[in-house]
Amino acid sequence: MEYDFKKIEPKWQARWENEKVFHAEDFSEKPKFYGLVEFPYPSGAGMHVGHIKAYSSLEVISRKRRMQGYNVMFPIGFDAFGLPTENYAIKTNTHPREITDQNIAKFSEQLKRVGFSFDWDRVVDTSKDDYYKWTQWIFLKLFEKGLVFRNKTLVNYCPSCKVVLSNEDSQGGKCDICHSDVVQMSKDVWYLKITEYADKLLNGLDTVEYPENIKQQQVNWIGKSTGAFVDFHLEGIDEKLEIYTTRCDTLFGVNFMVMAPEHPLIDKYAGRIQNMDAIRSYRAECAKKTEFERTQLVKEKTGLKIEGIEAVNPVNGKKIPIFLADYVMMGYGTGAIMAVPAHDQRDYDFAKKFGVDIVQVIEGGDIEKEAYTGDGMMINSEFLNGFTNKKDSIARMLGFLAEKGIGHAGVQFKMKDWAFNRQRYWGEPIPLIHCPNCGVVAVPYEELPLRLPDMENFRPGEDGQSPLAKVESFVNCKCPNCGADAKRETDTMPQWAGSSWYFLRYCDPHNDSAFADSEKLKYWMPVDWYNGGMEHVTRHLIYSRFWHHFLYDQGLVNTAEPYAKRSAQGMILGADGEKMSKSRGNVVDPLDIVKLYGADTLRVYVLFMGDYGSAAPWNDSSVKGCRRFLDRVAALTDIMCEDRVRELESGLHKAIKKVSQDIEEQKYNTAIACLMSYINEIGKVGKIGRAQLIDFLKLLSPFAPHICEEIYETIGGEGLLAVASWPVYDEAKTVDETVAIGVQVNGKARAVVDIPTGCEKEEALRIAKENDKVAAQLAGKTLVKEIYVPNKIINFVVK
C-alpha cells in the first residue's frame, strides 16, 4: 500500500469527527475511564512539541481503553485567562477576547491535525462567562464558609506587568510571566485559607496513586512540622512574644531573639525604644527587598539590635537581647524566632557578626568554628543534662513548658494562605461588594455571572490599581443587603482559579443550573488518570486538590480526591541538549513535522525518543527513522496472506503481552521498539497472515492511528479500528517452541544448538551429539560425564 499521509490523515480525522467516535456517553453501561491532560494556555505561538508529548500519554491510554471496551472521556479545553494574553493585547492594542478566540481556534486546528482523540463536544474556555460564572459561584461558597479573608501585607509586585504576584508566582524574586525582578509593596490582599486544609491535603496523598517524587514535592511544599509554641516575656512589660520551634529541647541555648522588622510590637512600644530612627531606616531598607532576597540562606547577614527592650528566656530567666533581621518574615510563623547560635548555622553567623554569646547545649562538633547541627548528649541544660535521645529530651521539655504554663505542643506549615487577587483586567471579577454599612458582602448567587466589563483601555494603573477601578458603571452599585451606595471589588482572580475545577466542568460542560450535575459527577469522578508537567505538581495540583476537598466537605462532589492517579512527562530538549527557546533558535514546530512526515510519524517519535518521564533531546534522524518504520508498516499489505503464519505466532503473542503491559507502565519507547522488532521478524519470514496483521495494527493504532485505520480498511476490516477489540495474548504461545543453548566440552564452548523448549535430557544430549562441531570434539575420547541444565546449557566431560 502506498503511504500518502497527506491524503490519509485528513480523511480519518474527518471521519472520526463526523461519526463522533470519541464522544463520551454519560451513564453508559460500559466501565468508565476518565483520562485527563492539563488543558493548555492558548498562546499566540500555538502548540509546541512539548504539548504533543504531554498529551500523547493519555492519548495512547485512552485509545487502548476504548478498544478494551471502556466508555472513555478524554476531554480538552483552554485555560484562557491570565497575564500573557493581556500583555500581548496591550502590546498589539487588541482586545484580549479577540486574541483568545483566535488562539483557541489555532490550537484546536493544530490538535485535530495531530489526530488526538479528544471529545470536542466537551470543550471549556475559562474566560467565557458560562464557565467563570461557576468559578465565581465556588468562590462565594468559600467566602460563605469563612475561607476568604483580606489582609494588608507586603506583597510581591511586578513593576513590568504591574500586578501583585503570589510567592508561588514570583519564586527566586522573579516574575513568572516576564521574569522581571519583583519589588515589595504594602497592599490589601484577598486570601484563600488553604492552610485550613493542609492536613487533609497531606493525608489525601496516602489514598492516591502518585509517583513518590510528586508526593514528596507536595509534602515539602506544605511543609508540616511538629514542635512547640513558647512564650518569651518582655522584661518590665506585660507583654509576651510567642515563637515556634521544632527543637524546644534547645531552649537553654537561646541567647537572643530575632523579630521581623515589620512586627507590630515595634510600633506599640516605640516610646520605650531608644533607636527608633535607626529602626525606621532599617525597615525602609528591608521594604526594598523581595521575600526571596530576604530569606535566602547564602547572603550577607543584616540586622539591628533593639535598644530599650529585652526578652527573658522562660526556662532559665536570663535576659537576652532582641534583634531585627530581614530574614524573619511576618507571614511565616509568629514573626519572631528564638536563636540558638550553637546549633543553627544562620543564628551562629548572626551571633558572630553581632557579638552575641554562644552557649552549646548539645555535645559534639567544634563551635569555635561552626554551629553543631547533629545529635548528641544534652549539656548546659539543667534537667535535660545527660539525655541522648532527641525525642526524649523534646518530650521532657514539652512537659515542663505545659506544667509552667509557658508553652505547648503545636504544628506549623511552611505553606502560606493563597494570595487570590490580581490588579489586572483579563481575569474573573471577584464577586464581592464593599458597603459602608455592612462591610464586605457577596454578590447574590442569582446575579452571577458578574461579567467582565468590555474595556478599550485595559492597561493596568501605575499605582497597582486594577483597570476595573476606572469603570464607574462597574464599580458603583447598591449593597444587596441594605441598599446603600456601595463599590464593587475591582481586583480579579489569578489564573489558577479556572484551572482549580475544570476537570469537574468536563463532566457536564453545558449545564447552566449547576457547575455539574451531581449524578454525572458520581458517574465520572474521580479522574482515573491525570498526566501533566512536573512544574505543576505543587501549585496547580495543590490548589485544585484544595478546591475539590472543600467541595467534598460541602457535599457537592462525591470523592475527596479529584485524581486517582497522576503521572508526568519529561521535557523535550532542543537538538543541542538545551531547553527549547526562541532565543536559542532550537524550537521545533510540531506542524512542521506533520507537513514533512505526517502526524503519525510525529506521534510515534515523541514517544519513542526515550523514557517518557525523562528529558530527551530532539533528533531529526530519529524522526526520519520513525517515518521509515511506518513505510514498512504500509508495505505489509503487499506480503499479506489469508492464513496465519506459524513462525510469527509466538512473536505476535509476545508483542501483544509486552505492548499491553508497556502502555500501562508508560514504557512507550519499549512498546514501539517491540513493534519495530516484530516488523523485522515479519521481514525475515516474508509474509504475514491477515488476522495477524490486524492484531499488529491494533497494537500500533494508539501510536499511529491514521495509517492503521487506512490499512485496516484496505484489507477489509469491519468497522473502525479505533473501537475494535484490543488483542489478547495466549500465555502458552509466548513461550518459544525451541530454545538455543550452548554446548561445552570440558567447559569450553563448542557450539550452540536449538532444542525443543523443556525437552528431556536424553533428547537434548542426542541433538547436541549430532552437531558436527561437538561430534568432532567427542570423537576418539572417553565420555566421563554428561551435564544438562534444562533450557540453559549442556556440558560433556571427556578424557
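Residues numbered from 1 in each chain as written. Predicted model: local features only at pLDDT ≥ 70, side-chain atom pairs only at ≥ 80, totals over all residues. Heavy atoms only, no water.

(A) Summary view of the overall build of the protein chain. Summing up its helical and strand segments, the protein chain has 26 helices and 27 strands in all. Along the three orthogonal principal directions, the C-alpha set of the protein chain runs to about 110 × 80 × 50 Å. Burial statistics for the protein chain: of 799 residues in total, 55% are counted as buried. Counting contacts in the protein chain only where the partners sit at least 6 residues apart, residues at least 24 apart contribute 72% of the total. Entry remark: accessible area of the protein chain is about 34200 Å², with carbon and sulfur atoms responsible for 48%. Of the side chains in the protein chain, 100 bear a positive and 112 a negative charge, and the two mean positions are spaced by 3 Å. (Helix = DSSP H or I, 4+ residues; strand = E, 2+ residues; numbered from the N terminus. Buried < 20%, exposed > 50% of the residue type's maximum accessible area, 1.4 Å probe, protein only. Contact = heavy atoms within 4.5 Å. Areas by Shrake-Rupley, 256 points an atom, 1.4 Å probe, with all protein chains shown as cover. Lys, Arg positive; Asp, Glu negative; His and termini not counted. Charge placed at Lys NZ, Arg CZ, Asp CG, Glu CD.)

(B) Here's a closer look at helix α3 (residues 83-92). Buried within α3 are the following residues: Leu 83, Thr 85, Glu 86, Ala 89 and Ile 90. Buried residues of α3, seen end-on, are gathered within an arc of 165 degrees and therefore sit on one face of the element. Positive backbone phi, approximately 55 degrees, marks Asn 93, located one or two places after α3. (Arc of directions from axis to C-beta.)

(C) Fine view of the sheet that holds strand β4 (residues 163-165). Strand order in the open sheet formed by four strands is β4-β3-β5-β13, with antiparallel pairing between adjacent strands. Pairing within the sheet leaves two strands with one partner each, and these edge strands are β4 and β13 (418-419). By the bridge criterion, two bridges tie strand β5 (residues 183-192) to β13 in an arrangement that is antiparallel. From the neighbouring strand, Leu 192 faces β13, where its bridge partner is Trp 418. (Pairing = 2+ DSSP bridges.)

(D) Broad picture of the UniProt feature "binding site: ATP" (unreviewed entry) in the protein chain. When the UniProt feature table is mapped to this numbering, "binding site: ATP" (unreviewed entry) covers Lys 582. Position of Lys 582 relative to the elements: it lies in the loop between β20 (572-573) and α18 (590-597). Residue Lys 582 is classed as exposed on the basis of its relative accessible area, which comes to 73%. In this structure, Lys 582 is in contact with Ala 45 and Val 587, ignoring residues within four places of it in sequence. (UniProt positions renumbered as here; feature names shortened; annotations may be inferred.)

(E) Quick look at the pairing of strand β1 (residues 32-37). Within β1, six of the six residues are buried, leaving the element largely enclosed by the surrounding structure. Every second residue of β1 is oriented toward a common face, with Lys 32, Tyr 34 and Leu 36 on one face and Phe 33, Gly 35 and Val 37 on the other, all of them buried. Direction of pairing for β1 relative to strand β2 (residues 71-73): parallel, over a ladder of three bridges. What sits directly across from Tyr 34, in β2, is Met 73. Running through helix α2 (residues 49-67), the crossover from β1 to the neighbouring parallel element β2 is right-handed. Relative to strand β18 (residues 529-533), β1 is paired through three bridges, and the arrangement is parallel. Counted as the bridge partner of Gly 35 is Trp 529 from β18. (Right-handed = clockwise from strand over helix to strand, strands pointing away.)

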